[in-house]
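A look at the structure
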2 protein chains.
Amino acid sequence: MKFVVIGADAAGMSAASRFKRRNPGAEVVVLEKTTDVSYSACGMPYKIAEEEGDLESLIVRKAPVFREKQGIDLRLEHLVTGIDRKGKKVFGTGPGGNFFEESYDTLLIATGGRPAQPELKGLDLPGVVYLKSLDDARLILRVLEERRVKKAAIIGMGYIALEMTEAFLARGIEVALVKKRPHLLPWMHRDLAAVVQEALTRHKVEIHDGVNLEEIREAGADRLEVAGPGFSLTAEMVLVAAGLVPNAELASEAGLALGAGGAIAVDDHFRTSDLFIYAAGDCAEAPHVVTGGKTWVPLALVANRGGWIVADNAGGGDVSFPGIAGTGVFKVLDLEVARSGLTLEEALKAGFDPVETVIKTRSKAHGQKNAGAIHVCLVGDRKSRRLLGAQMVGPEGVAHRINAVAVALAAKMGVHEFSECDLSYAPPFGPVWDPLLTAANQLLKDLE
Amino acid sequence: MKFVVIGADAAGMSAASRFKRRNPGAEVVVLEKTTDVSYSACGMPYKIAEEEGDLESLIVRKAPVFREKQGIDLRLEHLVTGIDRKGKKVFGTGPGGNFFEESYDTLLIATGGRPAQPELKGLDLPGVVYLKSLDDARLILRVLEERRVKKAAIIGMGYIALEMTEAFLARGIEVALVKKRPHLLPWMHRDLAAVVQEALTRHKVEIHDGVNLEEIREAGADRLEVAGPGFSLTAEMVLVAAGLVPNAELASEAGLALGAGGAIAVDDHFRTSDLFIYAAGDCAEAPHVVTGGKTWVPLALVANRGGWIVADNAGGGDVSFPGIAGTGVFKVLDLEVARSGLTLEEALKAGFDPVETVIKTRSKAHGQKNAGAIHVCLVGDRKSRRLLGAQMVGPEGVAHRINAVAVALAAKMGVHEFSECDLSYAPPFGPVWDPLLTAANQLLKDLE
């Protein structure tokens, strides 16, 4: 039995490790195009924020450990360029440009994703950077130093853009956020996004959304201009953080079906349209617990979990995945921002008859000092009375509170049932009625 | 239609307010023995902690507001001493010791609880205090000043004892915790309780459990000795925080049945054994979502929720309460402590075949600074594979994380189902696999 994995990041290494642990006699080969494996990619903005910037501390486990301790045949600098499904083998270019090929009994494609490239001239200029791989982060640190960056332009206004905004501000670098389409955090309820916008503005971050953007061009030594008709902005560095794209070409060229978001289509076993090939992580779609359909959410836990399920099924198991809820959380400045499940718009698209409720409550009990405001948006279905999703923003107590919603979505709870949950209360941590319960009680009225 | 409520605290005023809002034409009378209504009792330790100690800021709504704005006939200093169930009236002593009686169509008993009195001589000495009512808190502040308290002995080691420990330490007062029975936080898994014990010891709190305690006696001017054979301790103040007792005597004397913990027995509508009389709050039992039986958990949200359900049913509705999960949380020094559902011992008593798992993980992702250790104890049922309960302790991320468990318990989730929930992840807030998921994955193995 030979299990071959393409890609040594979260999904790939989770699958390889679990598979080898459960099938010690099997041969496990992992083919990785870079030299970095098993690092905390999500931690990169926080290391870039630090003056010393110790990116290497993000590496959880180095390649020799996988080889020597776990018995996984991990091969670095192996770029897979094709899959021969009939012959059940993969081939590509190894170190030094040498051709290699490798047969498999079962294959996992865990090729991840890459930064989306907006339609913009000049993306290849020096000083234009991305943040997806450890090498991207290393380049950012180098550019920050070499160009003595005092101002950074970030193209995009999603969570990577905002985490990097905080990182740059921590280093004393000014930040301008720019994008063509309107809205900071476009998926978010406008009232909640306004809270984030206000915090950014308070920290002197420029926000330019809906601008006429055409190109990035050089503007003197170590300076770039981000410009279009009627718009211009100069900075020493431009970070493009305009979303991700799944690395699905290898699968597509091998004739495998694509699905949600252009990611590799999989069933609830993470099996592709080829019975011997699985796909997981940022390159693959996943079932959604609320819609019952497929979704593409390139996040770490989804990748790790997918890897486990692939390992179990590749090893002869029959493990299906109930799905993800699309839970996401990030920190920006003094705010925690979180979501789980569907937004109103997503719920409409999925065929629900959604209603949304927004409330604002105190983050601590009456009489407690240093309380802030927590904003909650809950979405429910008028017909079934099911809870469909939530968004929250506030100075504290948001990141973990959203988990109550994630569990409720997994349980397909009604709004009423959720409103009756026995959530925790103590004055330093919230009001007697948890903000989620207050929102649920309001949503119950709005659903009538 | 006349709705009479005995007790103007959380359950009583929630019920009265909601009932009047939904039945504006009805007469609503609330009889309260003290002069304090609608205050955040749980906030008292935090006000006592402050040098200025502004207890009055805990009052959420004053009596005139209920009278004038809400049309509730709120009568202070009205002590109800008896219920004439046949005649459907209550009677007692009003201001100035005058007799009063009041007829009702529907009655709510919301008489709350009172501090338990341990078997100990000298509980009536000056300098011995309790903490349940606002008057108790006022007395504590007065005693702190008058006796120039430098050291306080606290009898009891539950959450009130620990919240007050933190309050006293904040004022520079030394604290000794004392009790006859063994164990700090006796319900808690010993590994988790040890984390709390270690934090207390680090803050120089004396812990004397399992000691031979017989009396409190005077030991010179403004000093008390807490003593028994082979044990002695002196302090300027003794706080008795040895648990609560439900104020169920009024109900019991009227012939109503008592239930869990000696509290007033109620059905899932919060109705007592008399169809015209409800009971809710600290004086009444409540259904438990995990056991399906009754339990007595004197906590604020249970009281507020019970009040609402009583209001709905008293107003002609038919609202049953699925139950509480026994979720509780408190802060002590630099730790958050939380629980929901059953402990191993409670699960055994309830007839389950329980297994418990304890894990320790980082509070933040790999590579993040200032991470602490989160300890999680999960309890599951071997037979049904259901999740039964959780306990957590850690420097952060515990108070709100427990809500994921509270929701899972309400949904009667299996451990496997819970382990597949899409919990949030970002490096500042936890590891990729949330501590609850890591614990659930471990419990799954231990259940096999």
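This is a predicted model, so every value here is computed, not measured.

1. A few points about the relation of the copies chain B and chain A
Turning chain B through 180° and shifting it by 0.0 Å along the axis lays it on chain A, with an RMSD of 0.0 Å. In symmetry terms, the pair is related by a two-fold rotation axis. If distances are taken from each C-alpha of chain B to the rotation axis, the shortest is found for B:Ala404, at 2.1 Å. Take the interface residues of chain B: 100% of them recur as interface residues in chain A, which is what a same-surface contact looks like.

2. Some remarks on the packing of helix 1 (residues 10-22) of chain A against helix 8 (residues 300-314) of chain A
Residues and elements named next belong to chain A. Close contact between helix 1 and helix 8 brings their axes to 7 Å; oriented N to C, the two are set at 35°. For the pair helix 1 and helix 8, the sense of crossing is right-handed. Where helix 1 approaches helix 8, its residues Ala10, Ala11, Gly12, Ser14, Ala15, Arg18, Phe19 and Arg22 are matched on the opposing element by Ala300, Ala303, Asn304, Gly306, Gly307, Trp308, Val310, Ala311 and Ala314. Per-class residue counts for the contact of helix 1 with helix 8 are ten nonpolar, five polar and two charged.

3. Here's the deal with the domain arrangement of chain A
Residues and elements named next belong to chain A. Assigned domains within chain A: domain 1 (2-41 + 55-112 + 244-314), domain 2 (128-240) and domain 3 (335-446). Just the C-alpha atoms count here: the centres of domain 1 and domain 2 sit 32 Å apart. Between domain 1 and domain 2, the residue contacts involve four residues of the former and six residues of the latter. Grouping the amino acids of the side of domain 1 that touches domain 2 by side-chain chemistry returns two nonpolar, one polar and one charged.

4. As for the interface of chain B and chain A
One frequent convention defines the size of an interface as the accessible area lost when the parts assemble. On the side of chain A, 50 residues touch chain B, which itself brings 50 residues to the contact. Sorting the residues of the side of chain B that touches chain A by element identifies helix 2 (44-48), helix 8 (300-314), strand 21 (328-332) and helix 10 (402-410) of chain B as the ones contributing at least two each. Per-element accounting of the side of chain B that touches chain A gives the leading share, seven residues, to helix 10 of chain B. Looking at the side of chain B that touches chain A residue by residue, the class counts come to 31 nonpolar, 13 polar and six charged.

5. Comments concerning unusual backbone geometry
Positioned with a positive phi, A:Lys88 is a non-glycine residue whose angle comes to about 50°. Taking the C-beta count within 10 Å as the criterion, A:Lys88 has 17 such neighbours and is therefore assigned partly exposed. Even without being a glycine, B:Asn370 presents a positive backbone phi close to 55°. Here B:Asn370 shows up in the loop between strand 23 (354-362) and strand 24 (373-381). Owing to 9 C-beta atoms within 10 Å, B:Asn370 belongs among the exposed residues under this scheme.

What counts and how
- Residues numbered from 1 in each chain as written.
- Chains lettered and ligands numbered in written order.
- Predicted model: local features only at pLDDT ≥ 70, side-chain atom pairs only at ≥ 80, totals over all residues.
- Least-squares fit on C-alpha atoms with pLDDT ≥ 70 in both.
- Contact = placed C-beta atoms within 7 Å.
- Axes fitted to C-alpha atoms, helices over the stretch in contact; angles between N-to-C directions.
- Helix = DSSP H or I, 4+ residues; strand = E, 2+ residues; numbered from the N terminus.
- Left-handed = near helix turned anticlockwise from the far one by under 90°.
- Nonpolar A, V, L, I, M, F, W, Y, C, P; charged D, E, K, R; others polar.
- Domains from an automatic or database assignment.
- Buried ≥ 20, exposed ≤ 12 C-beta atoms within 10 Å, placed from the backbone.

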